[in-house]
Amino acid sequence: MALNMTVRVHPVVLFQIVDAYERRNADSQRVIGTLLGTTDKGIVEVTNCFCVPHKEHDDQVEAELGYAHEVYDLNRRVNASELIVGWWATGNEVTNHSSVIHEYYSRECNNPVHVTVDTSLHGLRMSLKAFVCVTLGVPGGKTGNMFTPINIEITSYAPETVGLQLCQKTIALPTSSQTHAVQPMVDLAQVAEAASKLLSLLDQVLVYVEDVLSGKQQPDNSVGRALLDLIHSVPNMSSDQFAQMFNSNVKDLLMVVTLSQLIKTQLQLNEKLPFLCPN
């Protein structure tokens, strides 16, 4: 059952791991920490993590377990649904000390997962791997453990997707600029950008369908099923009905924006009135 597990990591976890690696001590070769999240039907969803200070020697590993318990208890007060699901480490391979660390997390949760993040950018990319520890041996004889890779994916909530799209815009900024700051767009600008992206994707779909019909490209059954599901998900309405629905939603959006601006202006006036009338 453990080999059929799938690990889904959220972007905020990767940001925290990279930040912990950048803040490591000068004599530390790698950084480890605890993974927090939920487990349901073979899906391990990692939504949070924290770093655990440790030192690795040739024959032993020293970790501040008291600090790990304290941080976990504090996190439980904020989000009781996040439980320990495993641990993470920077690097692109499993080391000799990994089995010792994994043994500790085996006492904290059932079937802990081990995630490695290659912060050294080996191969010009930050690889992401997940492992589970499987016991090997013969009945009544010696046994051992082996880290076996399992599936790992990157998933995100809708707010995280918006934040990632905003972060991607900093890539196009010139390297000579001292600050890579990007201001969030207003709601209408986001709607316009989403509509332009949707048109671009629809053009790509039309080109693919025309190439398949003309015989220039071999058909793919999975793509065909995805397109069929996409067509069935579109509500059956006329262009006039769609325009009416869209205009109604835009009016509601403009009303919310107007009210928010009025409230902001009123708050600013309330802050300045005491200075105009001190008595």
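The structure presented is a predicted model; accordingly, all values stated were derived computationally and were not measured.

By secondary structure assignment, the location of E160 is in helix 4 (residues 158-168). Along the sequence, E160 and Q266 sit 106 residues apart, while their C-alpha atoms lie 31 Å from each other.

On to the packing of aromatic side chains. What characterises a pair of aromatic rings is the spacing of the ring centres plus the angle enclosed by the ring planes. As enumerated under the stated definition, the model contains three aromatic pairs in all. Between Y104 and Y105 the ring centres are 4.9 Å apart and the planes differ by 75 degrees, which places this aromatic pair in the edge-to-face class. Owing to a relative accessible area of 3%, Y105 belongs among the buried residues under this scheme. When the centroid spacing of 6.4 Å and the interplanar angle of 20 degrees are considered together, the rings of F242 and F246 count as stacked. Residue F242 and its partner F246 are both found in helix 7 (residues 239-276); the two are separated by four residues, about one turn of the helix. Take F246: its relative accessible area is 40%, and that puts it in the partly exposed class. Above the face of the Y21 ring, R24 is positioned so that its terminal group lies 3.9 Å from the ring centre.

A few words now on the layout of surface pockets. Approximately 430 Å³ is the volume found for the largest pocket. Lining the largest pocket are 19 residues, and of these N25, S28, P53, H54 and K55 sit closest to its centre. Looking at which element gives the most residues to the lining of the largest pocket, the answer is strand 4 (residues 54-56), with three residues. In terms of residue class, the lining of the largest pocket is built from six nonpolar, five polar and eight charged.

Next up on the list: the sheet that holds strand 8 (residues 128-137). An order of 1-3-2-6-7-8-9 is seen for the seven strands of this closed barrel, with the pairing classed as mixed. This sheet shows a mean twist of 40 degrees between the axes of neighbouring strands, independent of strand direction. One ladder, built from four bridges, connects strand 1 (residues 6-9) with strand 9 (residues 143-154); its direction is parallel. Counterpart to V9 in the pairing with strand 9 is I154. Sitting on the sheet, helix 1 (residues 11-22) touches strand 1, strand 2 (32-40), strand 3 (43-52), strand 6 (83-90), strand 7 (113-117), strand 8 and strand 9, and the angle it makes with strand 3 is about 25 degrees. Here helix 2 (residues 65-78) sits on the sheet and contacts strand 2, strand 3 and strand 6; the angle it forms with strand 3, its principal contact strand, is near 125 degrees.

A few words on the UniProt feature "domain: MPN" (unreviewed entry) in the protein. In this numbering, the UniProt entry assigns the feature "domain: MPN" (unreviewed entry) to residues 7-137. The distance from the first to the last C-alpha atom of residues 7-137 is 26 Å, and the span holds 28% helix and 39% strand.

Another point: empty space enclosed by the protein. Per the stated rule, a full pass over the model turns up one cavity of 30 Å³ or more. Surrounding the largest cavity, T34, F50, A68, H69, Y72, I84, Y104, Y105 and E108 form its lining. Of all the secondary-structure elements, those providing two or more residues to the lining of the largest cavity are helix 2 and helix 3 (98-108). Taken together, the residues of the lining of the largest cavity sort by class into six nonpolar, two polar and one charged.

For the rest of this paragraph, the subject is helix 2. Given 3.6 residues per helical turn, the α-helix brings residues three or four places apart onto the same face. Given a rise of 1.5 Å per residue, 14 residues ought to cover 20 Å, and the 20 Å separating the end C-alpha atoms of helix 2 matches this to within 8%. Of the positions making up helix 2, those classed as buried are A68, Y72 and N75. The buried residues of helix 2 all sit within an arc of 65 degrees when viewed along its axis, so they share a single face. Among the exposed residues of helix 2, those pointing more than 90 degrees away from its buried face are G66, E70 and R77. Looking at the buried positions of helix 2, the neighbouring elements they touch are strand 2, strand 3 and strand 6.

Criteria and thresholds
- Here the residue index of a chain counts from 1 through its sequence in written order.
- In view of the model being predicted, local features appear only for residues whose pLDDT reaches at least 70, and side-chain atom pairs are presented and counted only at 80 or more, with totals across whole chains, interfaces and linings using the full set of residues.
- Calculated side-chain values reflect all of the structure's heavy atoms, with hydrogen atoms and water omitted.
- In this text, helices come from DSSP runs of H or I with a minimum length of four residues, and strands from runs of E with a minimum of two, each type numbered from the N-terminal end.
- Here is the rule: rings of Phe, Tyr and Trp (six-membered ring for Trp) pair when centre to centre is within 6.5 Å. Planes less than 30 degrees apart are stacked, more than 60 are edge-to-face, and the remainder are tilted.
- Each residue's exposure class comes from its accessible area (1.4 Å probe, protein chains only) as a fraction of the maximum for that residue type: buried when under 20%, exposed when over 50%, partly exposed otherwise.
- We call a charge positioned above a ring when the Lys NZ or Arg CZ atom is no farther than 6 Å from the ring centre and deviates by at most 35 degrees from the ring normal.
- Every definition here rests on a 1 Å grid over the protein atoms only: cavities are sets of points where a 1.4 Å probe fits but cannot get out, pockets are open sets enclosed by protein on both sides within 12 Å along at least five of seven lines, and lining residues have some atom within 4 Å of a point.
- Grid points are joined across faces, edges and corners, and a volume is the space filled by probe spheres set on the points.
- Amino acids outside the nonpolar list (Ala, Val, Leu, Ile, Met, Phe, Trp, Tyr, Cys, Pro) and the charged list (Asp, Glu, Lys, Arg) are all regarded as polar, and Gly is one of them.
- Think of it this way: DSSP has to see at least two bridges between two strands before they count as a pair.
- Throughout, an axis means a line fitted to C-alpha atoms (over the contacting stretch in the case of helices), and angles, computed between N-to-C directions, take values from 0 to 180 degrees.
- Only heavy atoms matter for contacts: two residues are in contact if any of them lie within 4.5 Å across the pair.
- UniProt positions are given in the numbering used here, feature names are shortened, and annotations may be inferred rather than shown by experiment.
- Each helix should span, by expectation, one fewer than its residue count multiplied by 1.5 Å.
- Think of it as the arc spanned by the lines of direction from the helix axis to the C-beta atoms.

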